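One letter stands for each residue in the lines below.
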Amino acid sequence: VQLVETGGGLVQIGDSLRLSCAASGRDFSAYTMGWFRQVPGKEREFVASISASGGRTYYADFVSGRFTVSRDNAKYTVFLQMDSLKPEDTAVYYCSTAPLAFTTDERMFIYWGQGTQVTVSS
């Protein structure tokens, strides 16, 4: 499985961004997809995940309704819509996949993209 994230950039407080993650591999529609983020010097943290079918989602508490994860299995793509961005959302955002229909166990995410930088300026 190969994952390529796009859509990061520099925005201002309160702006929106939509991250995309294009996946290769025939099992995309059978796997949970997740988004994580990492700030230099800190551990990577979970952001959101979506089940293989797209019917179930799970978010970190800090999302507070600002982010929405979705997927298009026909296009092998998962999205992260981020609204009301804050400076503390600044991080490298990674797409990942777990070979399960749905999981919230971060240890199950074993395939990773290269990341895309999101910077929220104050």
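Here the structure is a predicted model, which means the values were calculated and not measured. (Residues numbered from 1 in each chain as written. Predicted model: local features only at pLDDT ≥ 70, side-chain atom pairs only at ≥ 80, totals over all residues. Heavy atoms only, no water.)

(A) Structural detail: the state of the cysteines. A complete count under the given rule lists one disulfide for this structure. The disulfide partner of C21 is C95, and the S-S distance across this bridge is 2.1 Å. Note on the C21 and C95 pair: the S-S dihedral is about -80°, so by sign convention the disulfide is left-handed. Residue C21 is located in strand β3 (residues 17-24), and its partner C95 is located in strand β9 (residues 91-98); the two are separated by 74 residues in the primary sequence. Just as C21 is buried, C95 falls in that class too. (Disulfide = S-S within 2.5 Å. Helix = DSSP H or I, 4+ residues; strand = E, 2+ residues; numbered from the N terminus. Buried < 20%, exposed > 50% of the residue type's maximum accessible area, 1.4 Å probe, protein only.)

(B) Here's a closer look at the nonpolar core. Ranked by internal contacts, the top residues of the largest apolar core, which has 29 residues, are W35, L80, M82 and Y93. Counting residues per element, the ones that place at least two in this core are β3, β4 (32-38), β5 (45-50), β7 (67-72), β8 (77-82), β9 and β11 (116-121). With near-sequence residues (within four places) excluded, L80 lies in contact with L17, R18, L19, W35, V47, A48, F67, T68, V69 and Y93. (Core = buried A, V, L, I, M, F, W, Y, C linked by side-chain atoms within 4.5 Å. Contact = heavy atoms within 4.5 Å.)

(C) Structural context of the environment of Q117. Within the secondary structure layout, Q117 lies in strand β11. For the pair Q117 and Y93, spaced 24 residues apart in the sequence, the C-alpha separation amounts to 6.2 Å. In this view, Q117 contacts G8, G9, T90, A91 and V92; residues no more than four positions away in its chain are not counted. Separated by 3.4 Å, the side chain of Q117 and the backbone oxygen of A91 make a polar contact. There is a polar contact of 3.3 Å between the side chain of Q117 and the side chain of T119. (Polar contact = N/O pair within 3.5 Å; in protein donor to acceptor, adjacent residues only side chain to side chain.)

(D) Focus on the pattern of salt bridges. Applying the stated criterion across every chain yields a total of four salt bridges. Between R37 and E45 there is a salt bridge whose closest N-O contact spans 2.6 Å. On the accessibility criterion, R37 (6% relative accessible area) is buried. Residue R66 pairs with D89 through a salt bridge whose shortest N-O separation is 2.7 Å. Here D89 lies in the loop between β8 and β9 and R66 lies in the loop between β6 (57-59) and β7, a separation of 23 residues in the sequence. Connected via shared salt-bridge partners are R37, E45, R66 and D89. (Salt bridge = Lys/Arg side-chain N within 4 Å of Asp/Glu carboxyl O.)

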